[in-house]
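# Per-entry structural report
This is what each chain is made of:
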Amino acid sequence: NFPYIYGATFLQKYIKAYGWQGMKYLFDHPPSSTRQIIHPEDFFPKRQKPVRVKIEDLSQSALRDYSRIWEDTFGEYGLTLLMRQYLPENEARHSVRGWKGDRIQVYESKDGIQRILTGYLVFADEASAGDFFNSYRSLLGKKYNSEIFRRSDDTIHWVSLGQGDLEAYVERLGRRVVFIEGSTSGLTSKVRSTLWDVSRPDSKSRENENSTPTIPGSP
């Protein structure tokens, strides 16, 4: 539904603002995130670039007995789909409304038995990061139905999953959120520490977050 709903709406608004003569610019400089399509005001008249988040391969540090098997950026729409699996539609959309950037990774143990999901997200402000944190905490509760808390407060939600010694964790610091699912007891803290230490938004992307495109026929 994404291209038929959000894509069509985006294109209609773009053509209304810049006419068909602006299409060359659009083809040469297409949107770089699903957020820019969902929120056309983030693409024109002033383009809001996403924050590029880089995370090292944790199999070289905190997860030496694991291999990284997948890595990508979900974007606002992808995160909405993720949240929507366990939360109402309105809450899922609201929880990611302040998205600026993310990086998601999946690791697999060398024996192929265990998998660990890690995520690092950046939001526009602390309020939107807090909304995502609260919703992801609810997601973990619905997904794992666990009431064994290692720690749970306004910034950290850390639970035992009741499956061996597996844990899930989500933490907010300022406008950033980190989550880990499926790590073993004692390993969660190592992954958490490594993520907060090495995962930083790309400084060049931050400096160029806001730029005004030169679009022929712009109003």
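You'll find the structure just up there.
Attention in this report is confined to the structure presented alongside it. (Residues numbered from 1 in each chain as written. Predicted model: local features only at pLDDT ≥ 70, side-chain atom pairs only at ≥ 80, totals over all residues. Heavy atoms only, no water.)

The subject of this paragraph is the pairing of strand S5 (residues 115–123). Put simply, side chains in a regular strand alternate between the two faces of the sheet. Within S5, 7 of the 9 residues are buried, which leaves the element mostly enclosed by the surrounding structure. Here strand S4 (residues 99–109) pairs with S5 via 9 bridges, running antiparallel. Each residue of the ladder has a partner; that of Tyr 107, found in S5, is Ile 116. Counted between consecutive antiparallel strands, the loop separating S4 from S5 contains 5 residues, among which Gly 112 sits at a positive phi close to 80°. Sheet analysis places S5 next to strand S9 (residues 176–184), joined by 6 bridges and oriented antiparallel. (Buried < 20%, exposed > 50% of the residue type's maximum accessible area, 1.4 Å probe, protein only. Helix = DSSP H or I, 4+ residues; strand = E, 2+ residues; numbered from the N terminus. Pairing = 2+ DSSP bridges.)

Turning our attention to the nonpolar core. Formed by 24 residues in total, the largest nonpolar core has its most connected members in Met 83, Phe 132, Tyr 136, Leu 140 and Val 170. Among the elements of the structure, helix H4 (75–84), S4, S5, helix H6 (126–144), strand S8 (166–173) and S9 are those that each provide at least two residues to this core. In terms of residue count, H6 provides more of this core than any other element does, 7 residues in total. In this view, Phe 132 contacts Met 83, Ser 95, Val 96, Leu 121, Phe 123 and Val 177; residues no more than four positions away in its chain are not counted. (Core = buried A, V, L, I, M, F, W, Y, C linked by side-chain atoms within 4.5 Å. Contact = heavy atoms within 4.5 Å.)

Right, let's talk about the environment of Asp 154 for a bit. Along the polypeptide, Asp 154 turns up in the loop between strand S6 (148–152) and strand S7 (156–160). Judged by its relative accessible area of 63%, Asp 154 falls in the exposed class. Separated by 18 residues in the primary sequence, Asp 154 and Arg 172 have C-alpha atoms spaced 8.4 Å apart.

This part covers unusual backbone geometry. Going from Phe 44 to Pro 45, the amide bond is cis rather than trans, its omega being 5°. The topology assignment puts Pro 45 in the loop between helix H3 (34–38) and strand S1 (47–48). Phi is positive for Asn 145, close to 50°, though the residue is something other than glycine. Position of Asn 145 among the secondary structure elements: in the loop between H6 and S6.

Glancing now at empty space enclosed by the protein. Under the criterion given, the structure shown has 1 cavity of 30 Å³ or more. In this structure, the largest cavity is lined by Ser 33, Arg 35, Gln 36, Asp 42, Gln 48, Lys 49, Pro 50, Trp 99 and Lys 100. Taken together, the residues of the lining of the largest cavity break down into 2 nonpolar, 3 polar and 4 charged. (1 Å grid on protein atoms, 1.4 Å probe; cavity = no way out; pocket = protein on both sides within 12 Å on 5 of 7 lines; lining within 4 Å. Points joined across faces, edges and corners; volume = space filled by probe spheres on them. Nonpolar A, V, L, I, M, F, W, Y, C, P; charged D, E, K, R; others polar.)

Moving on, we come to the pattern of salt bridges. On inspection of all chains with the given rule, the structure shows 15 salt bridges. Close ionic contact of Lys 24 with Asp 28 constitutes a salt bridge, the shortest N to O distance being 2.6 Å. Linking Lys 24 with Asp 28, this pair stays in helix H2 (residues 23–28), spanning 4 residues, or about one helical turn. For Lys 24, a relative accessible area of 60% corresponds to the exposed category. Of the charged contacts in the structure, one is a salt bridge between Glu 71 and Arg 103, with a shortest N-O distance of 3.3 Å. One end of the pair, Glu 71, is in strand S3 (residues 66–72); the other, Arg 103, is in strand S4, with 32 residues separating them in the sequence. By relative accessible area, which is 25% here, Glu 71 ends up partly exposed. Classification of Arg 103 as partly exposed rests on a relative accessible area of 22%. Look at the salt bridges and you will find they share partners, linking Asp 57, Arg 68, Glu 71 and Arg 103 into a network. (Salt bridge = Lys/Arg side-chain N within 4 Å of Asp/Glu carboxyl O.)

Okay, the environment of Arg 97 next. In this fold, Arg 97 is placed in the loop between helix H5 (89–95) and S4. Arg 97 gets classed as partly exposed once you look at its relative accessible area, which sits at 31%. Taking the C-alpha atoms as reference points, Arg 97 and Tyr 77, separated by 20 residues in sequence, lie 9.7 Å from one another. Residues contacting Arg 97, with those up to four places away along its chain left out, are Arg 35, Glu 76, Ser 128 and Asp 131. A polar side-chain atom of Arg 97 sits 2.6 Å from a polar atom in the side chain of Asp 131. (Polar contact = N/O pair within 3.5 Å; in protein donor to acceptor, adjacent residues only side chain to side chain.)

For S8, a buried count of 7 out of 8 residues is recorded, marking the element as mostly surrounded by other parts of the structure. Where S7 meets S8, 5 bridges bridge the pair, whose relative direction is antiparallel. The partner of Ser 160 across the bridge, within S8, is Glu 167. One ladder, built from 8 bridges, connects S8 with S9; its direction is antiparallel. Paired with Leu 166 across the two strands is Thr 184, which belongs to S9. In sequence, S8 turns back onto S9 through a hairpin of 2 residues, with Gly 174 there showing a positive phi of about 65°.

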